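So you can see what is in the structure, the chains are spelled out below.
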Amino acid sequence: MARLGQVVSKVRSKNAGPFWLTIDIFCGDSQAFSQVCSSLSTERVAAAFKTDPFAIKRFEIDSLNVVKFSLPRPDIQGSITDRDMHGASWAALLAELDLN
Amino acid sequence: MPSGALGLNYDKAALARGLAAKPDLIAIDGGSTDSGPAYLGLGVSKYSRASTKVEWKGLMQARAQAGVPLVIGTSGTCGTDSTVDWMLDLTREIADELGQKVRIAVLRSSQNPKEMADAFESGRITALPHAPDIDAQTFRDCTNIVALAGAEQIAAAIETGADIIIAGRTTDTAIIAALPLMRGCHAGAAWHGAKIGECGALCATNPQAGVILIDFDVEGFTITPMADRSRATPHTVSAHMLYENSDPFILFEPGGHLDVTDATYTALDDRSVRVTGSKWVPSEAYTVKLEGSALAGYQCVLMALLRDTHYVEHAAEWAADIEAKCRSKVEDRLGLAAEDFRIELRLIGQNASFGDLETNPGASTEIGALGIVTAPTEALANEIGKMLNPYLLHHPLTEEEEQPTFAFPFSPAELSRGAIYGFRLNHVLELSDPMQAFRLEVIDHG
């Protein structure tokens, strides 16, 4: 079983404003794109972030071989409990998931 | 566009190449919310004055050479009136040094908290998705509130005939989209090109080079990076819509939204890309987004390093015990209630990035224990920091073991962070006229 980060070219995360986080999975080719689309469910992403799957926006962009998730930030940017001002590290939570 | 932001530097040779292509306007972004709520809360720039001056001077020289307007949006990181004044001061200083006589248009975006509270009570302010719960008092609590200007306000500034436009908070795209919209270019292309260009050469290979040129026309736009070795491809350009956007196809702006679902990206050669098919969808109401930052307390931080294997292995237990014991000491000795202050130890090397979401804590050689104290006053934060100090230095896992000592990297061990701030608004304000929330001033300098 391979981890997402081993199957795709790059996973990156970034703030989309202070209240949203966005994670872009650059799959690299159509085969990896199909694999990610079919095996990475929105529910698993929600579980990794301990959030509601209905709060997550999912985009599958075949022209770029990209799968993108946007979700309310785990903590509002810069709040006392926030750990990551720019949303830089959150990509690793998905990159380390095993693909079924 | 010389780069993604003033303060990030730009490639001088690429800028010269851009000037040779005879642009109609030079635009650069001066900030965003990305560096956190303190810059807006305090109304200050995140970049050094000296760096900003060097880069702005280069652009003021480029403007004089090209004879076209130079526009900066979101001046001084947060775009408050105070950072607009900071940018204006720099501009006057540089103009004097260069012997330039310039007309400066200043667009101010700061909002009066009391007027915003009234606007909220009269129903002119509405929440965006995942906005925090607020009431009228939230606005009065904010030390700074700014509204994000769009293309209309930048167009008004351009129409003054200004050589230099110093704008407060604007959308990243407005400073680029305004001129092509004024000239009757395709509205979808104007906004889409502006979005692709707002981070400079981030939409191309060799993104650090910065400078890009965008040609707008009645059907679309063409994007060309100016640096050597920098190439735009249909993939790099279309992929840029993903960046920092929660929706890669839709972008909301004052007065409507951009929809790039049907956009077509075509390579013109090995470095330029032509884009057509983007749509601009006007909205019924004219709204501008608000950003506000309020005081969130005072902090004091400490750092200790654990290198002893026994303590590295039991760091979580050690940290939890310190938090509990120190909290109880603070309640006892300072008479504070549990909800009045916060003590947190973040274990760097274990789970400092994700906290409870961490699935892979791994085995560390050493762990940094970052102690973060938050309290209602600076004096209390520092008092609590001094109470935390002896625990971080000597706290044993059990009473039986020999007293340990941990490494402190500095003295004093307590670092006062002073006031801290928090973002309070994710809302839009409805305007009857685009200039209603903004002030435009023209200054002839020199």
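As a reminder, the structure under discussion sits directly above these lines.
Quick caveat: nothing in here was measured; it's all calculated off a predicted structure. Note that residues are indexed from 1 along each chain, following the sequence as it is written. By the order in which they are written, chains take letters starting at A while ligands take numbers starting at 1. Residues qualify for local features only when their pLDDT is at least 70, as the model is predicted, and side-chain atom pairs are given and counted only at 80 or more; totals for whole chains, interfaces and linings, by contrast, use all residues. Side-chain metrics in this entry use all non-hydrogen atoms of the structure; hydrogen atoms and water are not considered.

### Side note on the interface of chain A and chain B
Accessible area lost upon the coming together of the parts serves often as the stated size of an interface. We apply this condition: Any pair of residues with heavy atoms lying within 4.5 Å of one another is described as a contacting pair. By buried area we mean the combined loss of accessible area, with a 1.4 Å probe, across both parts when two parts are placed together. Note on definitions: salt bridges are taken to be side-chain nitrogens of Lys or Arg within 4 Å of carboxyl oxygens of Asp or Glu. The definition of a polar contact used here is a pair of N or O atoms within 3.5 Å, where within protein one atom must be able to donate a hydrogen and the other to accept one, and adjacent residues in sequence count solely through side-chain atom pairs. Elements are defined by DSSP. Helices are runs of H or I of four residues or more, strands are runs of E of two residues or more, and each kind is numbered from the N terminus.
In this complex, chain A contributes 37 residues to the contact, which on the side of chain B involves 40 residues. In total, chain A and chain B occlude about 3,200 Å² of area from one another, counting both sides; carbon and sulfur atoms represent 61% of this. Considering only the surface of chain A that becomes buried against chain B, Phe 19, Ile 80 and Arg 83 of chain A emerge as the three largest contributors, covering 23% of it. Here chain A is connected to chain B by 3 salt bridges. Salt-bridge contacts for Glu 244 of chain B lead to Lys 14 of chain A; the nearest nitrogen and oxygen are separated by 2.8 Å. Counting the contacts that link chain A with chain B gives 17 residue pairs in polar contact (both at pLDDT 80 or more). Residue assignment for the side of chain A that touches chain B shows that the elements contributing at least two residues are strand 1 (10-15), strand 2 (20-26), strand 3 (57-61), strand 4 (66-72) and helix 4 (91-95) of chain A.

### As for the pairing of strand 12 (residues 273-276) of chain B
Residues and elements named next belong to chain B. Defined as follows: Between any two strands, pairing holds if DSSP finds at least two bridges.
With 4 bridges connecting them, strand 8 (residues 220-225) and strand 12 associate as antiparallel partners. If you follow Gly 220 over to strand 12, its bridge partner there is Thr 276. The pairing of strand 11 (residues 264-267) with strand 12 spans 4 bridges and is classified as antiparallel. By the bridge assignment for strand 12, Ala 267 is matched with Val 273. Remark: 5 residues form the turn of the hairpin made by strand 11 and strand 12, two consecutive strands paired antiparallel.

### A closer look at the pairing of strand 5 (residues 142-147) of chain B
Residue and element names in this part refer to chain B. Filter applied, for reference: Whether a residue is buried, partly exposed or exposed follows from its accessible area with a 1.4 Å probe, protein chains only, as a fraction of its type maximum: under 20%, in between, or over 50%, in that order.
Of all 6 residues in strand 5, 5 are buried; the element is thus mostly enclosed. With 5 bridges connecting them, strand 5 and strand 14 (residues 286-306) associate as antiparallel partners. By the bridge assignment for strand 14, Cys 142 is matched with Ala 294.

### So, the state of the cysteines
All names here are of chain B. Which entries qualify depends on this criterion: Disulfides are defined as pairs of cysteine sulfur atoms found within 2.5 Å of each other.
Under the counting rule described, the total for this entry stands at 0 disulfides over all chains. Cys 142 takes part in no disulfide bond, and the closest cysteine sulfur to it belongs to Cys 78, at a distance of 13 Å. Given the relative accessible area of 5%, Cys 142 is considered buried. Here Cys 300 is not disulfide-linked; the sulfur of Cys 326 is the nearest cysteine sulfur, at 11 Å. Relative accessible area serves as the criterion here: at 0%, Cys 300 is assigned to the buried category.

### Concerning the sheet that holds strand 3 (residues 102-108) of chain B
All names here are of chain B. Defined as follows: Lines fitted to C-alpha atoms define the axes, with helix axes restricted to the stretch in contact, and inter-axis angles between N-to-C directions lie between 0 and 180 degrees.
If you walk across this open sheet you meet the 5 strands as 1-2-6-3-19, and the pairing is mixed. The outermost strands of the open sheet, each flanked by one partner alone, are strand 1 (26-31) and strand 19 (439-445). The mean angle between the axes of side-by-side strands here comes to 20°, regardless of whether they run parallel or antiparallel. Contacting strand 1, strand 2 (70-77), strand 3 and strand 6 (164-167), helix 3 (residues 49-66) crosses the sheet at an angle of about 165° to strand 2.

### Here we look at the sheet that holds strand 10 (residues 256-259) of chain B
Residue and element names in this part refer to chain B. With antiparallel pairing, the 3 strands of this open sheet are ordered in space as 9-10-13. The open sheet is flanked by strand 9 (250-253) and strand 13 (279-282), the only strands paired with a single partner. On average, adjacent strands in this sheet sit at an angle of 20° to one another, irrespective of strand direction. Inspection of the sheet shows strand 10 paired to strand 13 by 4 bridges, in the antiparallel sense. Among the inter-strand pairings, Asp 259 is bridged to a residue of strand 13, identified as Lys 279. Along the sheet, helix 9 (residues 187-197) makes contact with strand 9, strand 10 and strand 13, crossing strand 13 at roughly 110°.

### As for the pattern of salt bridges
As a working rule, side chains carrying opposite charge can pair if their charged atoms are close by. Residues and elements named next belong to chain B. For the structure on display, the rule yields 29 salt bridges over all chains. In this structure, Arg 17 engages Asp 228 in a salt bridge whose closest nitrogen and oxygen atoms are separated by 3.4 Å. Of this pair, Arg 17 sits in helix 1 (residues 12-20) while Asp 228 is found in the loop between strand 8 and helix 10 (234-239), placing the two residues 211 residues apart along the sequence. For Asp 228, a relative accessible area of 47% translates into the label partly exposed. With its nearest N and O atoms 2.8 Å apart, the salt bridge here joins Arg 274 to Asp 217. Here Asp 217 lies in the loop between strand 7 (212-216) and strand 8 and Arg 274 lies in strand 12, a separation of 57 residues in the sequence.

### Some remarks on the packing of aromatic side chains
Our working definition: Side-chain rings of Phe, Tyr and Trp (the six-membered ring for Trp) are treated as a pair once their centres are within 6.5 Å; stacked means planes under 30 degrees apart, edge-to-face means over 60, and tilted covers the remaining angles.
If you walk through the whole model with that rule in mind, you get 8 aromatic pairs over all chains. An angle of 70° between the planes, with centres 5.0 Å apart, marks the rings of Tyr 311 of chain B and Phe 406 of chain B as edge-to-face. Remark: Phe 406 of chain B occurs in the loop between helix 13 (378-394) and strand 17 (415-423) and Tyr 311 of chain B occurs in helix 11 (residues 309-313); sequence separation between them is 95 residues. You'll find Tyr 311 of chain B and Phe 406 of chain B in the same group, each marked buried. Ring pairs connect the aromatic residues Phe 49 and Trp 90 of chain A together with Phe 354 of chain B, which therefore count as one cluster.

### Looking at the side chain of Thr 170 of chain B
Here Thr 170 of chain B shows up in the loop between strand 6 and helix 8 (174-182). Take Thr 170 of chain B: its relative accessible area is 0%, and that puts it in the buried class.

### Remarks on unusual backbone geometry
One can expect most non-glycine residues to show negative phi and most peptide bonds to be in trans. Residue Ser 411 of chain B is joined to Pro 412 of chain B through a cis peptide bond whose omega torsion reads -5°. By secondary structure assignment, the location of Pro 412 of chain B is in the loop between helix 13 and strand 17. We note that Asn 65 of chain A has phi near 55°; this positive angle belongs to a residue other than glycine. Mapped onto the secondary structure, Asn 65 of chain A falls in the loop between strand 3 and strand 4.

### Digging into the nonpolar core
Residue and element names in this part refer to chain B. The cut-off we apply is this: We call a set of buried Ala, Val, Leu, Ile, Met, Phe, Trp, Tyr and Cys residues a nonpolar core when their side-chain atoms join them within 4.5 Å.
With 62 residues, the main nonpolar core has Phe 139, Ile 154, Phe 221, Ile 223, Leu 290, Leu 429 and Phe 438 as its most contacted residues. The greatest single-element share of this core, amounting to 6 residues, is contributed by helix 8. Setting aside chain neighbours within four positions, we find Phe 139 in contact with Pro 113, Met 116, Ala 117, Phe 120, Ile 125, Ile 134, Ile 145, Leu 290 and Leu 425. If you look at the next biggest cluster of nonpolar residues, it comprises 31 residues, including Cys 300, Ala 319, Phe 341 and Ile 384.

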